[in-house]
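Each chain, letter by letter, is given below.
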Amino acid sequence: MSELKTAESHAAPLPGESQSHEHPVNFENYLRRCVFIFIAILCATSLMIWISFLPEHYTWAAKVGMILTVAAANAFVVAGFLMHLISEKKMIYTVLAFTVFFVIGLFALTLYAMNDFPTGTTH
Amino acid sequence: MDIPYTVQPRPDTGLYNAKLGIWLFLASEVMLFGGLFSGYVLLRVGADRWPHGWLNVTLGTANTVILALSAITTLLAWVACKTNQFGKFKFFHACTLLLALTFLGIKSYEYHDKWIHYEIKLNDGTFADGHLVEKSADFDLAKKTGDFTIHGRIVTDENDLYDLRAQKDIQLKEITVPAADIKSMENYGPWHNTYLALYFTLTGLHALHILGGSIVIGYIWGPGRRMWKKNPAQFTNRVEVSGLFWHFVDLVWIFLFPVLYLT
């Protein structure tokens, strides 16, 4: 525990300044960015709805694939810009790398079990 | 006693403790919802028929927009704290709370809509499907007394109730069914079929997250705001951490909406 230091050993932060990000924060810049993000989310949502109403010669499998691709892009915008994941600390990326690894494992097990799916789920 | 690293980043992690804590918590949440989505995939691939068009896309879209807007207001509340504009923080956090309550209100309406939606198997082999209008006072399915009135339609094949997207101009009318004509009946609760079980489980858990997040955000906006005067930097970090949770809840909905409403 020798590496643990208390808050008193650091300079006190300025009011409202959490020091969690190195870059200065500007309200107007963020507001502008938020407007763009909101428009992007609206566009992605509209696109997903449009895809879901494509004519019947597009199979549901194709529609699901396209919709999930758009949803993933939408999620990237939210995670990247609203959660600041495009410029985060290495520790957070490490935590997320482990998470992604285990989630992929979870879905891989599901795919592995596809030929052995439970009975009685046919409706 | 002072809790260390509530404001300053720890030298070894580069983060203040609450931020690392929330990310670890979110990692566990990803596994929780990942398991449920994984179960969804398994059950859907195993099903030989799957409902389409059972949910109201307009309401789902409205909730998507509401949640996206609330994610924006949460971020702006944090930015307001960072730039020492406490008045703006109060405004944007109040907006987040109102939007969260609106989301829950719409979700409650959707749940109620499913609760009063019945599929009735009739003795002649046909199916009456629709929303409850009226149930006579003496209605008793076991004793075969009374009438059950729905606003819906009668179909001969149960499969016709599954893909509503493929059917054009569905005519609905008021239908009164005597209890004596009913073989069995069930509302569109989670017990009705696999799709609805997944719908209620996934959206119910998500709604609980919305509720939990609203309580935390409400606390920070209400009694917790006293900290702003004593320790604004720590308060700002609290706003950031609660905001990260809120964005995660938005992320989950970004996948729930297409998976349940659109596909």
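Basis of the calculations
- Residues numbered from 1 in each chain as written.
- Chains lettered and ligands numbered in written order.
- Predicted model: local features only at pLDDT ≥ 70, side-chain atom pairs only at ≥ 80, totals over all residues.
- Helix = DSSP H or I, 4+ residues; strand = E, 2+ residues; numbered from the N terminus.
- Buried ≥ 20, exposed ≤ 12 C-beta atoms within 10 Å, placed from the backbone.
- Core = buried A, V, L, I, M, F, W, Y, C linked by C-beta atoms within 7 Å.
- Contact = placed C-beta atoms within 7 Å.
- Domains from an automatic or database assignment.
- Nonpolar A, V, L, I, M, F, W, Y, C, P; charged D, E, K, R; others polar.
- Expected span 1.5 Å × (residues − 1).
- Axes fitted to C-alpha atoms, helices over the stretch in contact; angles between N-to-C directions.
- Parallel < 35°, antiparallel > 145°, perpendicular 65-115°, else oblique.
- Pairing = 2+ DSSP bridges.
- Left-handed = near helix turned anticlockwise from the far one by under 90°.
- pLDDT = per-residue confidence, 0-100.

## A few points about the overall build of chain A
Okay, so step 1: In terms of regular secondary structure, chain A is built from 3 helices and 0 strands.
Okay, so step 2: Along chain A, from the amino end to the carboxyl end, the secondary structure elements read α-α-α.
Okay, so step 3: Every one of the 123 residues in chain A was classed for burial, and the buried ones make up 15%.

## A short note on the nonpolar core
Okay, so step 1: Membership of the largest hydrophobic core comes to 70 residues, with the highest contact counts inside it found for M48 of chain A together with A71 and A77 of chain B.
Okay, so step 2: Going through the elements one at a time, helix 1 (27–52) and helix 2 (60–82) of chain A together with helix 1 (17–46), helix 2 (57–82), helix 3 (86–115), helix 4 (194–221) and helix 6 (232–262) of chain B are the ones with two or more residues in this core.
Okay, so step 3: Other than its neighbours up to four places away in sequence, A77 of chain B contacts F89, F92, H93, T96 and V239 of chain B.
Okay, so step 4: If you look at the next biggest cluster of nonpolar residues, it comprises 5 residues, including Y118, A128, F148 and I150 of chain B.

## Brief notes about the domain arrangement of chain B
Residue and element names in this part refer to chain B.
Okay, so step 1: Here chain B is described as being made up of domain 1 (17–42 + 51–114 + 193–262) and domain 2 (118–186).
Okay, so step 2: Using C-alpha coordinates to define each centre, domain 1 is positioned 37 Å away from domain 2.
Okay, so step 3: Every contact between the two is made by 4 residues of domain 1 and, on the other side, 4 residues of domain 2.
Okay, so step 4: Tallied by class, residues from the side of domain 1 that touches domain 2 come to 2 nonpolar, 2 polar and no charged.

## A look at the interface of chain B and chain A
Okay, so step 1: The interface is formed by 65 residues belonging to chain B together with 57 residues belonging to chain A.
Okay, so step 2: Put simply, the parts of the chain that give the side of chain B that touches chain A at least two residues each are helix 1, helix 2 and helix 6 of chain B.
Okay, so step 3: The leading source of residues in the side of chain B that touches chain A is helix 1 of chain B, at 15 residues.
Okay, so step 4: Of the residues assigned to the side of chain B that touches chain A, the class counts are 38 nonpolar, 19 polar and 8 charged.

## Here's the deal with helix 2 of chain B
All names here are of chain B.
Okay, so step 1: With 26 residues, helix 2 should cover 38 Å at 1.5 Å per step; its first-to-last C-alpha distance of 38 Å lies within 8% of that length.
Okay, so step 2: For helix 2, the tally of buried residues reaches 20 of 26 residues, placing the bulk of the element in the interior.
Okay, so step 3: N84 occupies a position one or two residues after helix 2 and carries a positive phi of about 60°.

## A short note on the packing of helix 1 of chain A against helix 2 of chain A
All names here are of chain A.
Okay, so step 1: In contact at an axis separation of 9 Å, helix 1 and helix 2 are set at 170° when each is read in the N-to-C sense. Looking at the two axes, helix 1 sits roughly antiparallel to helix 2. Seen from helix 1, the contacting residues are R33, I37, A40, I41, A44, L47, M48, I51 and S52; seen from helix 2, they are K63, M66, I67, V70, A71, A73, N74, V77, F81 and L82.
Okay, so step 2: Here the residues of the contact of helix 1 with helix 2 sort into 15 nonpolar, 2 polar and 2 charged.

## Side note on the pairing of strand 1 (residues 117–122) of chain B
All names here are of chain B.
Okay, so step 1: Relative to strand 2 (residues 127–135), strand 1 is paired through 5 bridges, and the arrangement is antiparallel. Its bridge partner being in strand 2, K121 is matched across the sheet by F127.
Okay, so step 2: Connecting strand 1 to the next strand, strand 2, in antiparallel fashion are 4 residues, including G125 with a positive phi near 90°.

## Some thoughts on the environment of D138 of chain B
Residues and elements named next belong to chain B.
Okay, so step 1: Mapped onto the secondary structure, D138 falls in the loop between strand 2 and strand 3 (147–155).
Okay, so step 2: C-alpha of D138 to C-alpha of A179: the two residues are 41 residues apart in sequence and 9.9 Å apart in space.
Okay, so step 3: Apart from the residues within four sequence positions on either side, D138 is in contact with T145 and G146.

## Some points on the packing of helix 2 of chain B against helix 3 of chain B
All names here are of chain B.
Okay, so step 1: Running from N to C, helix 2 and helix 3 point in directions that differ by 160°, and their axes come no closer than 8 Å. Compared by their axis directions, helix 2 and helix 3 come out roughly antiparallel. In the crossing of helix 2 with helix 3, the sense of the turn from one axis to the other is left-handed.
Okay, so step 2: Of the residues assigned to the contact of helix 2 with helix 3, the class counts are 16 nonpolar, 7 polar and 3 charged.

## Quick look at the confidence of the model for chain A
Okay, so step 1: Summarising the model, chain A shows a mean pLDDT of 80, and 75% of its residues fall at 70 or more.
Okay, so step 2: Taken as a whole, residues 1–21 of chain A scores under 50 in pLDDT and shows 43 contacts with residues more than four places along the chain or in a different chain.

## Structural notes on the confidence of the model for chain B
Okay, so step 1: Confidence in the prediction for chain B averages 94 pLDDT; 100% of positions are at 70 or higher.
Okay, so step 2: Across the predicted assembly, pTM comes out at 0.88 and ipTM at 0.87.

## Here's the deal with the environment of N193 of chain B
Residues and elements named next belong to chain B.
Okay, so step 1: Relative to the helices and strands, N193 is located in the loop between strand 5 (182–187) and helix 4.
Okay, so step 2: C-beta crowding within 10 Å serves as the criterion here: with 21 such atoms nearby, N193 is assigned to the buried category.
Okay, so step 3: Along the backbone, N193 and N56 are 137 residues apart, and their C-alpha atoms lie at a distance of 18 Å.

## Side note on the sheet that holds strand 2 of chain B
All names here are of chain B.
Okay, so step 1: Here we have 5 strands laid out as an open sheet, ordered 4-3-2-1-5, and antiparallel in their pairing. Each of the sheet's edge strands pairs with one partner strand only, and the pair in question is strand 4 (173–178) and strand 5. Between one strand and the next, the sheet's axes are offset by a mean angle of 40°, whatever the strand orientation.
Okay, so step 2: Note: strand 1 against strand 5, 5 bridges, orientation antiparallel. Counted as the bridge partner of E119 is E186 from strand 5.

## Concerning unusual backbone geometry
Residues and elements named next belong to chain B.
Okay, so step 1: Its identity is not glycine, yet N84 carries a phi of approximately 60°, on the positive side.
Okay, so step 2: Looking at the secondary structure, you find N84 in the loop between helix 2 and helix 3.
Okay, so step 3: Under the C-beta neighbour-count criterion, N84 is labelled partly exposed, with 16 such atoms within 10 Å.
Okay, so step 4: Phi at K144 is positive, roughly 60°, even though this residue is not glycine.
Okay, so step 5: Secondary-structure assignment places K144 in the loop between strand 2 and strand 3.
Okay, so step 6: The class of K144 is exposed, set by 12 C-beta atoms lying within 10 Å.

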